[in-house]
Amino acid sequence: REQIGKLSLLIDTADTLLGGGIETQSITEFYGEFGSGKSQITHQLCVNVQLPKDNGGLHGRAIFIDTEDTFRPDRIDDMVRGLPDEVIQATMIDRGIDGDVDDAAALNELVDHVLNHIHVAKGFNSAHQILLSEKARELAGKYADTEWPVQVICVDSLTAHFRAEYIGRGKLAERQQKLNKHLHDLIQLANLHNTAIVVTNQVSSNPDSFFGDPTQPIGGHILGHSSTVRIYLRKSKGNKRIVRLVDAPNLPDGEAVIRIVEPGLKS
Ligand code: ATP
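Here is a short report on the structure shown in this document.

Scoring rules and cut-offs
Residues numbered from 1 in each chain as written. Predicted model: local features only at pLDDT ≥ 70, side-chain atom pairs only at ≥ 80, totals over all residues. Heavy atoms only, no water. Helix = DSSP H or I, 4+ residues; strand = E, 2+ residues; numbered from the N terminus. Rg over C-alpha atoms; globule rule 2.2 N^0.38 Å. Buried < 20%, exposed > 50% of the residue type's maximum accessible area, 1.4 Å probe, protein only. Near = heavy atom within 4 Å. Polar contact = N/O pair within 3.5 Å; in protein donor to acceptor, adjacent residues only side chain to side chain. Areas by Shrake-Rupley, 256 points an atom, 1.4 Å probe, with all protein chains shown as cover. Nonpolar A, V, L, I, M, F, W, Y, C, P; charged D, E, K, R; others polar. Core = buried A, V, L, I, M, F, W, Y, C linked by side-chain atoms within 4.5 Å. Axes fitted to C-alpha atoms, helices over the stretch in contact; angles between N-to-C directions. Parallel < 35°, antiparallel > 145°, perpendicular 65-115°, else oblique. Left-handed = near helix turned anticlockwise from the far one by under 90°. Contact = heavy atoms within 4.5 Å.

Quick notes on the overall build of the protein
Each helix and strand in the protein was counted, giving eight helices and eleven strands. Its C-alpha atoms give the protein a radius of gyration of 18 Å, near enough to 18 Å, the size a compact globule of 267 residues would have. By its C-alpha atoms, the protein is 60 × 45 × 35 Å across when sized along the principal axes. Per-residue burial for the protein yields a buried fraction of 54% across its 267 residues.

Here is the structure:
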């Protein structure tokens, strides 16, 4: 078994909370209400995963399964330019880009390079979303032994299509079964390719993480508790958001404050 990789948010308090970052070989679920920053986090992770390992990244590419049409290339552009200068410099060197942070052409080249290492696929319904996770597996296989392996797969949103398609209590069991299967496929993929899986899940004011849904069997039957980390995102004043780790098996519960600003997620 390969060593577990840690993908940093580049925010000290949040990274410490997570025990160093988002882990490969596991599923991390970000859940919270609309506007809590779930999509912003997935964008930031698609950037950070590409950074050199010494700079908090995994020197890998990203797959973004986009089910609600939330992916914004412009936001990736902001976030690349918003990286700390020394990280930009190291990333340019890592990619053989000549120039520095003050060189507009070099910065543009870096942004293009990063965008070219994010594979975006739009999922139109739950069946298509499941199909895309199979395609993701093929893509991860294709790049496995290359310089830029797939190191993070984001599914934003994991649950929206399932919620929209399986309505009412009568459909709850079927919905849960389909979602469990989908998650089971994703965790296999995470283990097979030593990849981080990051999923988002919108919840209303009464927070019920998918994994912690009180109407469901505790912990679910398929996914071991050890393979999932749940993070609750809550709005605070202005651009501030509270990141809360919930029931993590090997980490103390706790919170960190982050801000969503033009250059990305910051302390
Ligand atoms: P939903 O469940 O509705 O998809 P979400 O949790 O995914 O919501 P995001 O889209 O990640 O929420 O976050 C939206 C928030 O991000 C907005 O409230 C806004 O404050 C902030 N945001 C987005 N783009 C920028 C930007 N360019 N500069 C500063 N803040 C931004």
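Right, picking up where we left off after that structure.
A closer look at the site of the ligand
Neighbouring the ligand are 15 residues; G35, K38, S39, Q40 and Q202 lie closest to it. Between the ligand and G37 there is a distance of 3.0 Å, counted from an oxygen atom to a backbone nitrogen or oxygen. Note that an oxygen atom of the ligand is positioned 3.4 Å from one of the side-chain N or O atoms of R241. Expressed as a share of its isolated accessible area of 650 Å², the protein-covered part of the ligand is 66%. Of all the elements in the fold, those that place two or more residues in the shell around the ligand are α2 (38–48), α3 (73–81) and β10 (254–261). It is α2 that provides the largest number of residues to the shell around the ligand, a total of three residues. Residues of the shell around the ligand, tallied by class, amount to three nonpolar, six polar and six charged.

Observations concerning the nonpolar core
Nonpolar side chains tend to gather and get buried jointly when the protein is soluble and globular. Counting residues in each nonpolar core, the largest one holds 47 residues, and the members touching the most others are I22, F30, L45, I76, I118 and V152. No other element matches helix α5 (residues 104–115), which puts five residues into this core. Counting residues in each nonpolar core, the second largest holds 22 residues, with I63, L179, L186 and I187 among its members.

Quick notes on the packing of α3 against α5
Closest axis-to-axis distance for the α3/α5 pair is 10 Å, and the angle between their directions is 125 degrees. Taken together, the axis directions place α3 and α5 in an arrangement best described as oblique. The crossing of α3 and α5 is right-handed. Residues P73, I76, D77, V80 and R81 of α3 lie in contact with α5, whose contacting residues are L107, N108, L110, V111, V114 and L115.

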